Amino acid sequence: MTDTATPSDTGLDVEDLDAAAADAAADLDAPTANNAGDHGADEHDDHATSLGLSNMKLAMWLFLGSECLLFGALISTYLLSKTRFLTELVAGNPNVIEGLMGEEAVEALPDGTRGSIENVGEIFQEMAAEASVEPIFDIPFTSFSSFVLLMSSLAMVLAHKATEEGDYKNQRIWLAATATMGSIFIGGQIAEFTIFFREGLTFGGSLFGSAFYTLTGFHGVHVTGGIVMLMALLILSFRGKLNSDRAETVELVGLYWHFVDVVWVLIFTIVYLIP
Amino acid sequence: MAVIENNPMALPVGESANRASNPLGVFARPRAVTGLKDWLTTVDHKKIGIMYGSAAMFFLLIGGAAALALRIQLATPNSSFLSADAYNQAFTMHGTVMVFLVVMPIGAAFANYLLPLQVGARDVAFPRINAFSFWVFLFGGLMLNTSWFLGGGANGGWFNYAPNNGIIYSPSHGIDFWNVGLLIAGIGSLTGAVNLITTVLNMRAPGMTLMRMPVFVWMTLVTQFLLLFAIPVLTVAQILLLMDRNFGASFFAVDLGADPLLWQHLFWIFGHPEVYLMILPAFGIVSEVIPTFARKPIFGYPFMVFSGVAIGFMGWGVWAHHMFVSGLGPLSVSAFSFATMFIAVPTGVKVLNWLATLWGGKLTLNTAMLFAIGLVTQFTIGGISGVSHAIAPSDTQQTDTYYIVAHFHYVLFGGALFGFISGLYFWWPKAFGYKLNEGHGKFNFWAMVLGFNLTFGPMHILGLQGMPRRMHTYDDAMGFNLWNFVASIGSFILAIGTLWVLVNAFISYRAWKAEGRPDVGPDPWDGRTLEWAIQSPAPEHNFDVTPQVTALDDFWHQKYNEVEHGKLKRVATGAELAQPGNGEGVHLPAPSYWPIFLSASMPVIGYGVIFSLWLLVPGLLMMTAGLFGWALEPADDLDIDDHGHGHDADDHELVGAH
Amino acid sequence: MHNLRPTPMMKRSLAIAALGLFLSACADDKPLNTFEDRGPRAKQLNDLMYPWIWGIMALVFVLVVFGGIALTIKNRVAPEDFDPDDLPEQVHGNPKLEWGWTAVPAVILAVISIPTIITIWSLEETNDERNADSTTLCDGPLDVMVIGQQWWWEYRYDTNCNGFFEDVNGDGVVDDTDKEWPLEIALDDDDLVVANQLVIPTGEQVDLIITSRDVIHSYWIPRLNGKRDAVPGRIHTWNIEADAPGEYNGWCTEYCGLSHARMRMSAVALTPAEFQDWLAEQTAPADIPNEEADHLAWEGRQLFQNNCASCHVVTEDENDPDDVAFDYGQDFEASLAARAAPNLTHFASRTVFAGAIFSQYRGVDADDDDLFTKLGLTDDDPANDIPYTELGESGLQLNEVQLRRWISNAPSMKAMDPDNLLGMPAFPQLTEEDLEALVAYLETLD
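Enquirer: Can you walk me through the overall build of chain A in this structure?
Expert: Per the secondary structure count, chain A includes 8 helices and 0 strands. Ordered by position in the sequence, the α and β elements of chain A form the string α-α-α-α-α-α-α-α. Classification of the 275 residues of chain A by burial places 60% in the buried group. In chain A, the share of contacts with a sequence separation of at least 24, taken over all contacts with a separation of at least 6, comes to 75%.

What follows is the structure in structure tokens.
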């Protein structure tokens, strides 16, 4: 009997607020024997679930379905905020300019234009037309970290395959590789945030800043949660507890990991590539 | 069975047995089966269901008290019973509490108690998560209500439109509590949804195909899917607000170009499915009660199922009808007006199918049935008035007036709450082993019907006469005096009627105890679904033997044989067929400390976000400890023999063998 | 009671007040009733619903609710009479019937949706499309800018005929690039600005250009049309039209914070000729009281300058750049406090104050049904016939009690939160004499 047949208790118990630690434990907190339906007197039952899909896996799919709406709403918010931000910037809304570039930017204007909405508008309209907000992005840099993240999905697949085959050496190598690549991505994100912040893109200063940091930050938290899960799997593996009949645990983490990757492909396209 | 190995971090089975020699004894499962500790650590879906119901009743008292305060204030023009600020807090908290902490959890209470029983499962798919869902809802709700003592409740309305919800226009902490409290409660709804959907889809008894599931199970399934997809949208809206209010973001800063309608869109994309997920469980309940007391199967089962599913789908395409006057432009308004009208179709199908079930039936008019018919009639009134504001031009006169207040109270009070009370009377003997008193029940019903119509009926008139909502006062010259006074009188009758549920429970319990606790029997109503095939109150292990299902209303068909087309003959009583409640050999999930412990960390973090980020340190530590405790907790505590039900040797062997 | 100087403006406002009193005294006991339409737009909404749609709804109500009750009564069986071996026929459904009651309502609703959608689009028609021959203002029909704020309404009339919006970026056209917070497009400060009371001509659709300065409000005069939200950062168009002269009331209908219940509207419809007079008088600068002849008011003006003028504007000189209406500045907090209060240039010509919650004038004997007749008012020409000499006896006087209390302690009469820059603060430093002087000054602002 495989574990897919066993209803189980999982830890998909947290929303994204408490994402990192919780998501990690979500997986660790794998099935227990205290499942309800299939014990005791009904041993004759073959323990198959009604859909033939294990409870854990079904629950993970449902959770990811819910996550789709979460990221969908966040991405919509980003798109709306960015559009409004750019319109206001082009229109020379002095609040937007001050929020984006600081009071100094407004005060550095030539005398006579300061405080005069008309002129401020004109000047920044030109600025905005020439250099909209995109050039702040370092596309090659982010492309590299995105590539690393995408490759980690491949490593994740290989880790699952190794687990199924009972090849524990490769299992550990690929789990470690996945976690490392995820960490490189997170490192890249931290570096990027730092640079942007220094360049003046503050969290609260503009709609764009708020939406950008919230969207990518939320995704980063999800990746971090995935890394914690992978590390936990690695520890289990070294303790000899992640054998081939536990392959589903690896698969579940993999599902989550692939989902987070796919979401990043979307975010990367929408935030970085589409002008 | 590979179950133990399946939990790699958990301690081996049996290691927890001897606490003295077990350095990690703290991770042992709690053992209490009665008393407070049992309730705090239980993972039994029935106990959790009862706790959901009790918590909802408690919050109902808070929300009801707020409602009465509103009605006292509005009974007379220019009243000074409540200040403007107090009134704003009261109506905001009334709406928030009633929606999130009363109607939703009562739905969860019935779902928790009944879903496993009706699909023939021993518990939900993830019992500990089930407990976690409840506790996190409770702590979120309690946290929300502590705002009354910590600087005042939220005052932005339950819809909490931006930018009035921003820190500039609402500088008190009320909206922070609203925001964080509901975020926390939302976690519970989400985990609950995952859990219950998995249970329904995956843990049905053999033969229980989807189209043999009781309508209640179907409606709850749709409800939980709505929750699963709606809650994250609200979560996003609330996170944006949290970032704005507490971390200086500018999502709703109009001076930076933000569009305040973003909040409305996000809120109502959540909010309209929310409306349906409040009413659908009640639809499910009356779809069980009416056939039982009409002694006929539900008319048009597939239509009942698919209309419910259709409502679930269509609920996603109509959110902007809350925004007909928000300036969306005529194209959007036309589209949403058109879509909204058609949501009346599946709802109408349900109402007509209930009536067709009554047609030609032999109706037993007990309290449960009265409340069910109450739902059909009262909800219909709300449904009809709904059509008049689906017509967008007409809605420009009606929206944000008392006409709308009347409409959604007919739908949510006359609909959802009547349905829930019907279910309470119906399943009370199954849960507690005695029936509620019928005499008091009838009083309960008639007081509620009278009070309800006196309270909300006149609001139709007030709204059409131009009385807007959310007004803390009105003038003498506006012509609103009479009907407001009538509504206020009605609200007290309604309050007495609603309280009578509790009074009746108390009276009935006393009478039952005085009579020496007679056995109500497994099947007091001649029921149709699986929960009546077990003893009352439902044994902790639910079914001695997993039932084999061969038809819709399987239990009914075991009792009655069809002698000729459409004619039935009784071949057995429910009591003869019911399982004896012998839990020999049944192995149940053991209780756990961790759900409540983990949940308790949430409000600590919540207070931290509101008052001081330093509180996040103990909060996050608690959460981490909770998660590790949860993960490391032994899979089970097999050596507890006094668990109210034994474990046979096979079970141990079974575990060891794999 | 101060000396009321007879001016045409005051006469007109008194006439309006008298009309209001008259209406509230007899016929008009439900001033917000949505069924009593007083203009073609509101009538359009009622015509859409009545009789057919309300009729269908009533029919469904009777059939389902009373049918359900009848069915219940007919089929009830006392529990003791119930025989488990004599069950009703087990009907599982009837697909034809069920498809039928799926399809029939769908068809009915589809039919209903046709006039619905036609009306939705019709309501968006501008006054240019409907009043092609009107030359009320700037050679066209009247547009009014409606600006909501906590908790009163400001109205702007494009009296300088250069549109409502400024050419902020100086490119010669007013378009989407002329943006400035809190409005999408910057307002033209030189227009006529009035507060609390909207004045419109009868018999002509007036387009409203609605926005908000702070939170979301909703503009609603139920007898003239439905409502539309005033959303900060957005401009919404809506329209109203009144058939006959009179005062039409409304309430803000989107929850807008603390004093939402005290944010009301008063719309006065005048005949086109009267409206032109009103417009001419309103655009004139305010009178400055003579120090000798009207010393009390002169003192009041000094007090006003010292205590009120930082928020309230009284335009005494059209060419003084500081005398313009509130400048929609860049600093949010300053914009809440500075010069953002109702424009008081022609305060005494209005019949309401404080967010249209108090009458500026009141009858000594408001129950007097004959008031209307006594004043000799007629529908055609309400203003001209007010015999000033009769004012004293006719029972109209300034609502001085509430006005004084309002000036000295507004938050006690309408919930406000001046500590958080929301609303008008109290002025405990003003003495009784000060208040008397201020009221005397305000009376001169007609």
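Enquirer: It is not clear to me how the overall build of chain B should be interpreted in this structure. Could you clarify?
Expert: A tally of helices and strands in chain B yields 20 helices and 2 strands. Classification of the 658 residues of chain B by burial places 72% in the buried group. Contacts in chain B between residues far apart in sequence, at least 24 positions, make up 81% of those at least 6 positions apart. A total of about 18,400 Å² of accessible surface is found on chain B, and carbon and sulfur atoms cover 70% of it.

Enquirer: Just checking my understanding: could you explain the pairing of strand β2 (residues 152-157) of chain C for this structure?
Expert: Along any regular strand, the residues point their side chains to alternate faces of the sheet. All names here are of chain C. Judged by how many residues are buried, β2 sits mostly within the fold: 6 of 6 residues are covered. Relative to β2, strand β1 (residues 143-149) is paired through 6 bridges, and the arrangement is antiparallel. Counterpart to Val144 in the pairing with β2 is Tyr157. Hairpin geometry of β1 and β2 is characterised by an intervening segment of 2 residues between the two adjacent antiparallel strands.

Enquirer: What should I look at first to understand the state of the cysteines in this one?
Expert: Working definition: the covalent bond between the sulfur atoms of two cysteines is a disulfide. Residue and element names in this part refer to chain C. With the rule as written, the count across this model stands at 1 disulfide over all chains. Cys252 forms no disulfide, and the closest cysteine sulfur to it belongs to Cys256, at a distance of 3.8 Å. Cys252 sits in the buried class, given a relative accessible area of 0%. Residue class for Cys256 comes out buried when judged on its relative accessible area of 0%.

Enquirer: What am I meant to see in the sheet that holds strand β5 (residues 206-212) of chain C here?
Expert: Consider a sheet: its strands pair through backbone hydrogen bonds, and that pairing is either parallel or antiparallel. Residue and element names in this part refer to chain C. Within the open sheet, the 5 strands sit side by side as β3-β2-β1-β5-β8. Their pairing is mixed. Edge positions in the sheet fall to β3 (192-195) and β8 (236-240), since each of these pairs with one other strand and no more. With strand direction ignored, the average angle separating the axes of adjacent strands in the sheet is 30°. Where β5 and β8 come together, 5 bridges link them in antiparallel fashion. Residue pairing in the sheet places Val206 in a bridge with Ile240 of β8. Relative to the sheet, helix α6 (residues 272-283) contacts β2 and β3, its axis offset from that of β3 by approximately 100°.

Enquirer: Help me out: how do you make sense of the environment of Ile168(B) in this one?
Expert: Tracing the backbone shows Ile168(B) in the loop between α4 (127-146) and α5 (174-202). Sequence-wise, Ile168(B) and Arg245(B) are 77 residues apart; in three dimensions their C-alpha atoms are separated by 8.9 Å.

Enquirer: Help me understand the packing of helix α6 (residues 168-198) of chain A against helix α7 (residues 207-238) of chain A in this model?
Expert: Helices that pack against each other are described as a pair by the angle of their axes relative to one another and the distance between those axes. Residues and elements named next belong to chain A. The contact between α6 and α7 brings their axes to 9 Å, and the two run at 155°. When the axis of α6 is compared with that of α7, the two are roughly antiparallel. Judged by the twist between their axes, the crossing of α6 over α7 is left-handed. Residue classes in the contact of α6 with α7 are distributed as 17 nonpolar, 11 polar and 2 charged.

Enquirer: It is not clear to me how the pairing of strand β1 (residues 560-564) of chain B should be interpreted in this structure. Could you clarify?
Expert: All names here are of chain B. Two strands pair when backbone bridges link them, and β1 and strand β2 (residues 567-570) are joined in this way by 4 bridges, in the antiparallel orientation. When the sheet's bridge partners are listed, Asn561 is paired in β2 with Lys569. Once β1 ends, the chain turns through 2 residues before running back antiparallel as β2, passing Gly566 with a positive phi of about 80°.

Enquirer: What am I meant to see in the side chain of Thr211(C) here?
Expert: Tracing the chain through its elements places Thr211(C) in strand β5. At a separation of 2.9 Å, a polar atom in the side chain of Thr211(C) contacts the main-chain carbonyl oxygen of Arg234(C).

Enquirer: Explain the interface of chain C and chain B to me, please; I cannot follow it from the model alone.
Expert: Quite often, the size of an interface is put as the accessible area lost when its parts meet. Taken together, the contact between chain C and chain B spans 95 residues of the former and 101 residues of the latter. Interface area lost by chain C to chain B is led by Gln90(C), Trp101(C) and Tyr255(C), which between them contribute 9%. Joining chain C to chain B, the criterion identifies 5 salt bridges. The partner of Asp86(C) in a salt bridge is Lys567(B), with the nearest N and O atoms 3.9 Å apart. Viewed at the interface, chain B and chain C are joined by 25 residue pairs in polar contact (both at pLDDT 80 or more). Elements with a contribution of two residues or more to the side of chain C that touches chain B: α2 (40-49), α3 (52-75), α4 (95-122), β6 (217-220), β7 (227-230), β8 and α8 (332-337) of chain C. No other element matches the 17 residues that α4(C) contributes to the side of chain C that touches chain B. Per-class residue counts for the side of chain C that touches chain B are 55 nonpolar, 23 polar and 17 charged.

Enquirer: Is there a simple way to think about the pattern of salt bridges in this case?
Expert: All names here are of chain C. Per the stated rule, a full pass over the model turns up 28 salt bridges over all chains. A salt bridge links Arg38 to Glu36, with the nearest nitrogen and oxygen atoms 3.7 Å apart. Relative accessible area serves as the criterion here: at 34%, Arg38 is assigned to the partly exposed category. Taking the relative accessible area as the measure of exposure, Glu36 reaches 26% and is therefore partly exposed. For the salt bridge of Arg223 with Glu36, the shortest nitrogen-to-oxygen distance reads 2.3 Å. With Arg223 in the loop between β6 and β7 and Glu36 in the loop between α1 (8-25) and α2, this pair connects stretches of sequence that are 187 residues apart.

Enquirer: Mind showing me how you'd approach the sheet that holds strand β4 (residues 197-201) of chain C here?
Expert: Residue and element names in this part refer to chain C. Reading across from one edge, β4-β10-β9 is the order of the 3 strands in this open sheet, with mixed pairing throughout. Of all strands in the sheet, those with a lone pairing partner are β4 and β9 (246-251), marking the two edges. Ignoring which end each strand starts from, the neighbouring axes of this sheet average 25° apart. Where β9 meets strand β10 (residues 264-270), 6 bridges bridge the pair, whose relative direction is antiparallel. Opposite Tyr248, over in β10, you have Ala267 as the bridge partner.

The rules behind the values
Residues numbered from 1 in each chain as written. Chains lettered and ligands numbered in written order. Predicted model: local features only at pLDDT ≥ 70, side-chain atom pairs only at ≥ 80, totals over all residues. Heavy atoms only, no water. Helix = DSSP H or I, 4+ residues; strand = E, 2+ residues; numbered from the N terminus. Buried < 20%, exposed > 50% of the residue type's maximum accessible area, 1.4 Å probe, protein only. Contact = heavy atoms within 4.5 Å. Areas by Shrake-Rupley, 256 points an atom, 1.4 Å probe, with all protein chains shown as cover. Pairing = 2+ DSSP bridges. Disulfide = S-S within 2.5 Å. Axes fitted to C-alpha atoms, helices over the stretch in contact; angles between N-to-C directions. Parallel < 35°, antiparallel > 145°, perpendicular 65-115°, else oblique. Left-handed = near helix turned anticlockwise from the far one by under 90°. Nonpolar A, V, L, I, M, F, W, Y, C, P; charged D, E, K, R; others polar. Polar contact = N/O pair within 3.5 Å; in protein donor to acceptor, adjacent residues only side chain to side chain. Buried area = accessible area lost by both parts, 1.4 Å probe. Salt bridge = Lys/Arg side-chain N within 4 Å of Asp/Glu carboxyl O.

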